[in-house]
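Geometric and topological summary
Here is how the chains run, residue by residue.
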Amino acid sequence: LSPVAARMPRVVREFEILRVSATLFGKDSTQNAETARKEVLRWAQNRSGGRLPAEAWQFENFEYFSGGRNSVGVRLQNEHSDIWAIRADDPDKNVAGRTWTTEVTVGLMVGQAPRFSARLLASTHEVELDIEPHTPGLVQQVAESCALSRGPQQISPEPWLIETEKDALQLVEILIDPYRKLPIFVLTVPEGSSDPNKPLIDAEALARATLGNGFVVILPAAHSWVLTDHFGKQRSVFGGGARTYLPGFAPDSNPYAHRLVIGDHLSTADGAAQCMRWMRSLAATESVRRILLGRDVLAFAAIRNASLQIRQQQLMKEGASESEQLVAANARIEALEKEVSDQKASLEYFDSEHKRAEERAETAEEQSRASAFRVQQLIEQIKAAGSSVDSNIELPKSWQEFGNWADVNLAGRVVLAPQARRQVRSPEFADVAVAARCLLWLATACRERRMKGGEGSLREEIVEDGIRNAHCGADQFDLDWQGQRQTADWHIKNGGNTRDPKRCLRIYYFWHEPTQQIVVAEMPAHRRTAAT
């Protein structure tokens, strides 16, 4: 059937590349909005190959057609809002049949700062779009002429250079800000570099490419210790490496969810270029996933449809001729079809993302099971050789080290749940070494018996003098772990019947059969319940 297929019309697909949502801040909101509109129009005119009509510069409805480099503008005004939007098409200069479409909206609402949003789309016959996403140049023009911000951070085409310890501490606060909306790319400088402010990746090019979709930070070697001090080695970045901190990052986050690229990989030209491509793609993908259409970004088709509906109603009230009303109705039908097409494309995107997420989850589960098997296999080999897995382990000296110590030394055997990880940052319980020895007991004696089905023999087991292992009884509780509901039904406790948090030790845990790990749900204090 290939000869027949070759004669059939090729399907044109529309890909949404990225979204930008920001606030225009300044003293005069109206003037700021007008300046932003003019910058967008200048950008559209430069790409159109001609001059936009006078109506465009008066911010009125307009249409401009020029051999595929078309621009259409719409404005909606009432006593509560003033929304201006433009859609500009531009055929790709190198790929036949590919057209780039940029949609921009500038909105003024009573009592609010002006809002700026943009969408970049590509229409093409290609089944897969192999590109390196780049924010449209108009975003940089607007950012330079009117101040743009996304949340508390200002959007700038220049990377942020950390120059002082105060700057580094401010970066820490921004990274863990729960209201942060955009990913932060932290690029470090290798020790002993000839230029202490130059990372292995072109920070300026990355900042321009991800403008409005991410923030780029240059972290010199002299200040990289601040991140290590606050987050531990597993969640920090240093030595010329680069790390992406996604929104929602916290000191107890899964370190593998915030991708790290080490300096050795970036020291080659291919490695640096590969990392640059990946970061640009990530920023664009995250913008489509996190910036919601219809709330953070308005689709041009929806705005134009609303404008045409108002026009249609006005014609009916004025008693316009049937031909005029028919033209208006046809224009609105076309806009509605485009709006439906946009919604369909969004649904298809999220459906594909859901399928990819399911595939990643299944792969991660298989890898977790394989890792658990391999960990046990290596432990048995070490024992057969007459050695002990934990013979050279040094206990943590402070609670600040505890989480990272557990991650490094007990990996594959004992894992801290998010709640427990938060609790061990600065608890009142004083004896860090005792808590660490209890986790070592869980990783060795307790885990080995669990793997042999010896749950019953662990009841009232002595961990060390004054500390025993026991069933929780009425104190057991449920928690979510890896998308499933689990029950923390065992705990390690010390005697004395005291609830003084400085002396009372409780380590609540459960056995996770699929990964053959002990999961510590909470520690080191006695759990607060309605009864206590």
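Overview of the structure. (Residues numbered from 1 in each chain as written. Predicted model: local features only at pLDDT ≥ 70, side-chain atom pairs only at ≥ 80, totals over all residues. Heavy atoms only, no water.)

Some remarks on the sheet that holds strand β9 (residues 160-161)
By definition, the strands of a sheet pair up through backbone hydrogen bonds, in either a parallel or an antiparallel sense. With mixed pairing, the 5 strands of this open sheet are ordered in space as β9-β11-β10-β12-β13. Of all the strands in the sheet, just β9 and β13 (260-261) have a single pairing partner and so form its edges. Sheet topology places β9 next to strand β11 (residues 215-219); 2 bridges connect them, and they run parallel. Its bridge partner being in β11, tryptophan 160 is matched across the sheet by valine 217. (Pairing = 2+ DSSP bridges. Helix = DSSP H or I, 4+ residues; strand = E, 2+ residues; numbered from the N terminus.)

Quick word on empty space enclosed by the protein
Throughout the structure, instances matching the rule amount to 1 cavity of 30 Å³ or more. Here the largest cavity is characterised by a volume of approximately 60 Å³. In this structure, the largest cavity is lined by Trp43, Ala44, Arg47, Ser48, Arg69, Asn70, Ser71, Ala88, Asp89, Asp90, Trp100 and Thr102. Contributions of two or more residues to the lining of the largest cavity are made by α2 (29-48), β4 (81-91) and β5 (99-109). The greatest single-element share of the lining of the largest cavity, amounting to 4 residues, is contributed by α2. For the lining of the largest cavity, the per-class residue count stands at 4 nonpolar, 4 polar and 4 charged. (1 Å grid on protein atoms, 1.4 Å probe; cavity = no way out; pocket = protein on both sides within 12 Å on 5 of 7 lines; lining within 4 Å. Points joined across faces, edges and corners; volume = space filled by probe spheres on them. Nonpolar A, V, L, I, M, F, W, Y, C, P; charged D, E, K, R; others polar.)

Some remarks on the packing of aromatic side chains
Counted under the stated rule, the structure contains 6 aromatic pairs. Both rings, one in phenylalanine 231 and one in phenylalanine 249, keep their centres 5.0 Å apart while their planes meet at 85 degrees; by these two values the pair is edge-to-face. A residue pair is termed long-range when its members are at least 10 positions apart, and phenylalanine 231 in helix α7 (residues 225-231) and phenylalanine 249 in the loop between β12 (242-245) and β13 qualify at 18 residues. Neither residue differs from the other here; phenylalanine 231 and phenylalanine 249 are each classed as buried. Taking 5.7 Å as the distance between ring centres and 70 degrees as the angle between the ring planes, the aromatic pair formed by phenylalanine 477 and tyrosine 508 counts as edge-to-face. Here phenylalanine 477, found in strand β17 (residues 477-481), pairs with tyrosine 508, found in strand β20 (residues 506-512); they are 31 residues apart in sequence, far enough to count as distant. (Phe/Tyr/Trp six-rings, centres within 6.5 Å; stacked < 30°, edge-to-face > 60°. Buried < 20%, exposed > 50% of the residue type's maximum accessible area, 1.4 Å probe, protein only.)

Things to note about the side chain of glutamate 103
In this structure, glutamate 103 sits in strand β5. Judged by its relative accessible area of 2%, glutamate 103 falls in the buried class. Side-chain polar atoms of glutamate 103 contact the side chain of arginine 87, separated by 2.4 Å. Excluding residues within four positions of it along the chain, glutamate 103 makes contact with Ile86, Arg87, Ser117, Ala118, Arg119, Leu121, Ala299 and Phe300. (Polar contact = N/O pair within 3.5 Å; in protein donor to acceptor, adjacent residues only side chain to side chain. Contact = heavy atoms within 4.5 Å.)

Concerning the packing of α2 against helix α4 (residues 137-145)
Geometrically, a packed helix pair is captured by the angle between its two axes and the distance between the axes. It is the contact of α2 with α4, at a shortest axis distance of 9 Å, that shows an interaxial angle of 145 degrees. In the crossing of α2 with α4, the sense of the turn from one axis to the other is right-handed. Between α2, through Thr35, Ala36, Glu39, Val40 and Trp43, and α4, the contact on the second element is made entirely by Gly137, Leu138, Gln141, Val142 and Ser145. When the residues that make up the contact of α2 with α4 are grouped by side-chain class, the tally is 5 nonpolar, 4 polar and 1 charged. (Axes fitted to C-alpha atoms, helices over the stretch in contact; angles between N-to-C directions. Left-handed = near helix turned anticlockwise from the far one by under 90°.)

Focus on the pairing of β11
The buried count for β11 comes to 5 of 5 residues, which makes it a mostly enclosed element. Both faces of β11 are covered, namely the face carrying Phe215, Val217 and Leu219 and the face carrying Val216 and Ile218. The sheet contact formed by strand β10 (residues 184-188) and β11 spans 5 bridges and is parallel. Each residue of the ladder has a partner; that of valine 186, found in β11, is valine 217.

Some thoughts on the sheet that holds strand β19 (residues 490-494)
Overall, mixed pairing links the 6 strands, which are arranged β14-β21-β20-β19-β16-β15 in an open sheet. Across the chains shown, the open sheet's two edge strands, defined by having one partner strand only, are β14 (414-416) and β15 (461-464). Strand-to-strand twist across the sheet, computed as the mean angle between neighbouring axes with direction ignored, equals 30 degrees. Pairing analysis gives 5 bridges linking β20 to strand β21 (residues 517-522), with the strands arranged antiparallel. Residue pairing in the sheet places tryptophan 511 in a bridge with isoleucine 518 of β21. Helix-sheet contacts for helix α14 (residues 432-451) involve β14, β15, β16 (467-471), β19, β20 and β21, and the interaxial angle to β20 is about 30 degrees.

Observations regarding the packing of helix α12 (residues 399-409) against α14
Two elements in contact, α12 and α14, have axes separated by 11 Å at closest approach and are oriented at 15 degrees. In this view, α12 runs roughly parallel relative to α14, as classed from their interaxial angle. Judged by the twist between their axes, the crossing of α12 over α14 is right-handed. Facing α12, whose interface residues are Trp399, Phe402, Trp405 and Ala406, α14 presents Val432, Ala435, Ala436, Leu439 and Leu440. Across the contact of α12 with α14, the residue classes tally to 9 nonpolar, no polar and no charged. (Parallel < 35°, antiparallel > 145°, perpendicular 65-115°, else oblique.)

Some thoughts on the pattern of salt bridges
Overall, the coordinates contain 26 salt bridges when judged by the stated rule. A salt bridge links arginine 468 to glutamate 460, with the nearest nitrogen and oxygen atoms 2.4 Å apart. Exposure remark for arginine 468: the relative accessible area of 29% places this residue in the partly exposed category. The partly exposed category is assigned to glutamate 460, whose relative accessible area is 43%. With a shortest N-O distance of 3.1 Å, aspartate 480 and arginine 485 are connected by a salt bridge. For aspartate 480, a relative accessible area of 55% puts it in the exposed group. For arginine 485, a relative accessible area of 55% puts it in the exposed group. When salt bridges with common partners are traced through the structure, they connect Glu14, Glu16, Arg19, Arg87, Glu103 and Arg119 into a single cluster. (Salt bridge = Lys/Arg side-chain N within 4 Å of Asp/Glu carboxyl O.)

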